[in-house]
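The lines below spell out each chain.
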Amino acid sequence: MSKKTNRHASLNKLRASIWSIVALAVLTMTTGLYGQNSADDNGNQTLGMEKGFMNYVTPSFRLELLKSSHTVSSMGTTGDNPFNFTPGELLQQRSENGFYHLGDINLRIRKGEHEEWTDYSTARNRADVEKVVTEDPNTLVSADLAPTLPADIPVKITRSWEQHGENIVMRFMVKNTSSSVVEIGALGIPMIFHNNLNNKSLDEAHEDNVFFDPYIGMDGGYLQVIRLHGKDKVLLVVPDGKTPFEAYRPLNDDPTRRGITFEGFHEWMVHSKAYAENEWKDAEPWNEPSSAFLDPGETRSYGVKFILADDIRSIENTLTENQRPVAIGIPGYVIPKGTDARL
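Please read all numbers here as calculations on a predicted model, not as lab measurements.

*Asks:* Looking at this model, I keep getting lost on the overall build of the protein chain. Mind explaining?
*Replies:* Helices and strands together make up the secondary structure of the protein chain, namely 4 helices and 17 strands. Split into buried and exposed, the 343 residues of the protein chain put 51% on the buried side. Long-range pairs, those at least 24 residues apart, make up 63% of the contacts in the protein chain with a sequence separation of at least 6. Per element, the accessible surface of the protein chain, about 16400 Å² overall, is 49% carbon and sulfur.

Here it is as structure tokens:
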């Protein structure tokens, strides 16, 4: 490892340690003040947990999906001390309509340039998805998401979970099934990992929880998911195919109670034009907002890949090994006062 990589890795490790100390200090003072929303008052369960689970194992990952929704109930490491990066322990409490899970998708679509945008989400009204048979040897399981989307949606969405070597890929195929050109003004993939520290003791949070850090770098963007104690394997989420990391939107409509010990969930946005025109019209976007036009019958693929780094120090090398761009500041990112410096 070069000196510059060592320096950058050390900064990463220091940053993780500081974040962990601050978060856990706050946690110590606030545990018990913020509870976890459970089932609604009627006890309605729509996620289909009673229908069972599907399990898949790669050399790096242990993936568990719900048979009903094909969303993630657990995505973790293999080995003697496996760790689940997703909030599997809260699955029962978060089994209502409206709670997001890894595997969901949000869209904002319109047929004509002057029509109003319409929102669609697979999290709003749960229903059993329709399994799709495929001959692709990389596909673990594939499903048509139509049952969990409104009938008037002008596109067909197929989601596949795939194994590529040691890694897992989640892919959405979006096909225009209407007779008109369709514009996708927003497309978001919820990134649901276990950053919920509610009702956790100091030791429990260290062992069970994660924090995540996005680099909203378009085609070179990625998300790193690190255990709260800053040790062990790091989950990296990177684009697979043309799936730029354009924006990172907070999922404020998820019913999970937020507070000092839970900052909420977010989604990886591939297109954000429809939000830039409305909710974000007074803000300056980090990246230029985009949309996608689909001709009748046209299909577009969106996917993210899940890979593991051995530890925080290995993040940059792991990205490089997976053909992802990495930028490193030389001699570092801390510039003395009065220095004429450019990045």
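Once you've had a look at it, read on.
*Asks:* I would appreciate a short explanation of the environment of Arg 313 in the present structure.
*Replies:* Among the secondary structure elements, Arg 313 is positioned in the loop between strand E17 (299-309) and helix H4 (315-321). Linking Arg 313 and Lys 231, residues 82 residues apart in sequence, is a C-alpha distance of 9.9 Å.

*Asks:* I would appreciate a short explanation of the pattern of salt bridges in the present structure.
*Replies:* Any two side chains of opposite charge can pair, so long as their charged atoms come close to each other. In the structure shown here, the tally under the stated rule is 17 salt bridges. Here Glu 89 ties to Lys 200 by a salt bridge, and the two come within 2.6 Å at their closest N and O atoms. In this pair, Glu 89 is assigned in the loop between strand E3 (72-77) and strand E4 (106-110) and Lys 200 in the loop between strand E10 (182-191) and helix H2 (202-208), connecting sequence segments 111 residues apart. With a relative accessible area of 43%, Glu 89 lands in the partly exposed category. One network of salt bridges, with partners in common, ties together Glu 162, Arg 171, Asp 240 and Lys 305.

*Asks:* I keep staring at empty space enclosed by the protein and nothing clicks. Help me out?
*Replies:* In this approach, a probe sized like a water molecule rolls over the atoms, and the result shows the empty space that is left. In this structure the tally under the stated criterion is 3 cavities of 30 Å³ or more. When its volume is computed, the largest cavity comes out at roughly 70 Å³. Around the largest cavity sit 13 residues that line it, and Ser 69, Arg 126, Ala 127, Val 129 and Thr 148 are the ones nearest its centre. Across the lining of the largest cavity, the residue classes break down as 4 nonpolar, 6 polar and 3 charged. One number sums up the size of the second largest cavity: a volume of about 50 Å³. Lining the second largest cavity are Val 72, Ser 73, Thr 86, Pro 87, Gly 88, Leu 91, Arg 94, His 101, Leu 102 and Ile 192. Taken together, the residues that form the lining of the second largest cavity break down as 5 nonpolar, 4 polar and 1 charged.

*Asks:* Explain the pairing of E10 here, please?
*Replies:* Each regular strand shows side chains that alternate between the opposite faces of the sheet. Counting buried positions over the 10 residues of E10 gives 10, a clear majority of the element. Of the strand pairs in this sheet, E10 and strand E16 (residues 292-294) are connected by 3 bridges, and their pairing is antiparallel. If you follow Glu 183 over to E16, its bridge partner there is Phe 293. In terms of strand pairing, E10 meets strand E15 (residues 266-271) through 5 bridges, oriented antiparallel. The residue bridging Leu 187 from the neighbouring strand is His 271, located in E15.

The rules behind the values
- Residues numbered from 1 in each chain as written.
- Predicted model: local features only at pLDDT ≥ 70, side-chain atom pairs only at ≥ 80, totals over all residues.
- Heavy atoms only, no water.
- Helix = DSSP H or I, 4+ residues; strand = E, 2+ residues; numbered from the N terminus.
- Buried < 20%, exposed > 50% of the residue type's maximum accessible area, 1.4 Å probe, protein only.
- Contact = heavy atoms within 4.5 Å.
- Areas by Shrake-Rupley, 256 points an atom, 1.4 Å probe, with all protein chains shown as cover.
- Salt bridge = Lys/Arg side-chain N within 4 Å of Asp/Glu carboxyl O.
- 1 Å grid on protein atoms, 1.4 Å probe; cavity = no way out; pocket = protein on both sides within 12 Å on 5 of 7 lines; lining within 4 Å.
- Points joined across faces, edges and corners; volume = space filled by probe spheres on them.
- Nonpolar A, V, L, I, M, F, W, Y, C, P; charged D, E, K, R; others polar.
- Pairing = 2+ DSSP bridges.

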